[in-house]
Amino acid sequence: MPALGVNIDHVATVRQARLTYEPDPVWAAVLAELGGADGITLHLREDRRHIQDHDLYTMKKTVQVKLNLEMAAEEEMTRIALDVRPDQVSLVPEKREELTTEGGLDVIANFDRVKNCVVQLQNAGIEVSLFIDPDREQIAASKNAGVHAVEIHTGRYADATSAEVQQTEYETLVNVSEFTIEQGLKLHMGHGLTYRNVTRIASIPHVSELNIGHSIVSRAVLVGMEQAVREMKALVSI
């Protein structure tokens, strides 16, 4: 049964739309914990479009479950992570013009930069995961970078427009999942997962963590964060 990491970025997106103080993503994290979240994930972007520095620092003091910081492998973010010391850092690609993370980190093309960031974080006792596409070469490069886990990008599965395409993408995920375990890495998955499509992903052997944000926050607008998390937790626990 995979752990459920709840990404609360888009609670901050609503707040930043009015540049005010509510809704508070810290309160959302508390309610997510009450709903059964095993971890809280937040992405501190370089342009600070949603999560702000003070959100991260406050959550470090208040979150009782695993705190997972998503960030780019850049010097500024590395300094902040070393100061805050979250339980885990997930290195992700980042482009200013994208609405959300559009694909996995190209570990091969950015190996030296990624490796340097990984070493600094791990020397500080922070576990590191790399968010990558379902590609064996990227998994192998992640292994060489020395990380403890990879988070496989599930976007193509989630965005499939037909049952046939979705099945093909699902089979790809199963295949690379087996390879990930063979490499001695922990297996995480995330991106685009919803109440409708998560169960098959949660049932893939050896998946230890799922990170889900937008779907849960969207549901929380209607039923509340605690209930939304409970419903998703039930689906990934089947």
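So, how was this worked out
Residues numbered from 1 in each chain as written. Predicted model: local features only at pLDDT ≥ 70, side-chain atom pairs only at ≥ 80, totals over all residues. Heavy atoms only, no water. Helix = DSSP H or I, 4+ residues; strand = E, 2+ residues; numbered from the N terminus. Rg over C-alpha atoms; globule rule 2.2 N^0.38 Å. Buried < 20%, exposed > 50% of the residue type's maximum accessible area, 1.4 Å probe, protein only. Contact = heavy atoms within 4.5 Å. Areas by Shrake-Rupley, 256 points an atom, 1.4 Å probe, with all protein chains shown as cover. Lys, Arg positive; Asp, Glu negative; His and termini not counted. Charge placed at Lys NZ, Arg CZ, Asp CG, Glu CD. Polar contact = N/O pair within 3.5 Å; in protein donor to acceptor, adjacent residues only side chain to side chain. Pairing = 2+ DSSP bridges. Axes fitted to C-alpha atoms, helices over the stretch in contact; angles between N-to-C directions. Arc of directions from axis to C-beta. Right-handed = clockwise from strand over helix to strand, strands pointing away. Parallel < 35°, antiparallel > 145°, perpendicular 65-115°, else oblique. Left-handed = near helix turned anticlockwise from the far one by under 90°. Nonpolar A, V, L, I, M, F, W, Y, C, P; charged D, E, K, R; others polar.

Caption draft 1: Expanded view of the overall build of the protein chain. The helix and strand tally for the protein chain stands at eleven helices and eight strands. By the compact-globule yardstick of 18 Å for 238 residues, the protein chain fits well, its C-alpha radius of gyration being 17 Å. If you line up the protein chain on its principal axes, its C-alpha atoms span 45 × 40 × 30 Å. Relative to its full complement of 238 residues, the protein chain shows a buried share of 51%. Within the protein chain, contacts between residues at least 6 apart in sequence are counted, and of these 66% link residues at least 24 apart. Element-wise, carbon and sulfur atoms account for 50% of the exposed surface of the protein chain, whose accessible area totals about 10,900 Å². A distance of 3 Å separates the average location of the 23 positive side-chain charges in the protein chain from that of its 35 negative side-chain charges.

Caption draft 2: How the structure looks around the side chain of Asn7. With respect to the helices, strands and loops of the structure, Asn7 is situated in strand E1 (residues 3–7). The class for Asn7 is buried, based on a relative accessible area of 11%. Here the side chain of Asn7 touches Asp9 through a polar contact of 2.9 Å, landing on its backbone nitrogen. The residues contacting Asn7, other than those within four sequence positions of it, are Thr41, Leu42, Glu70, Ile212, Gly213 and Val217.

Caption draft 3: Expanded view of the sheet that holds strand E2 (residues 39–43). Ordered by their spatial adjacency, eight strands build a closed barrel running E1-E2-E3-E4-E5-E6-E7-E8, and the pairing between neighbours is parallel. Strand after strand, the sheet turns through a mean of 25 degrees between neighbouring axes, direction not considered. Two elements, strand E3 (residues 66–71) and strand E4 (residues 88–91), share four bridges in a ladder whose sense is parallel. Paired with Leu69 across the two strands is Val89, which belongs to E4. Relative to strand E7 (residues 186–190), helix H8 (residues 163–182) is tilted by about 150 degrees, and along the sheet it contacts strand E6 (149–153) and E7.

Caption draft 4: Seen up close, helix H6 (residues 136–145). Looking at H6, one finds that the buried residues are Gln138, Ile139, Ala141, Ser142 and Ala145. All buried residues of H6 lie within an arc of 165 degrees about the axis, which places them on one face of the element. Exposed side of H6, more than 90 degrees from the buried face: Glu137 and Asn144 are the residues found there. Here H6 starts with a cap whose side-chain oxygen sits 2.9 Å from the backbone nitrogen of Glu137, and that cap is Asp135.

Caption draft 5: Spotlight on the pairing of E2. With respect to burial, E2 is a largely interior element, five of its five residues being buried. Both E1 and E2 contribute to a ladder of three bridges, which runs parallel. When the bridges of E2 are listed, Gly5 appears paired with Gly39. Once you follow E2 into helix H3 (residues 53–62) and on to E3, the crossover reads as right-handed.

Caption draft 6: Layout of the packing of helix H5 (residues 111–123) against H6. Where H5 contacts H6, the axes come no closer than 9 Å and their chain directions differ by 45 degrees. By the angle between their directions, the pair H5 and H6 is classed as oblique. Considering how the two elements wind past one another, H5 and H6 form a crossing that is right-handed. For the pair H5 and H6, the contacting residues are Phe111, Lys115 and Val118 in the first and Ala141, Asn144 and Ala145 in the second. Its residues assigned to classes, the contact of H5 with H6 comprises four nonpolar, one polar and one charged.

Function-wise, these values are silent; they only describe arrangement.
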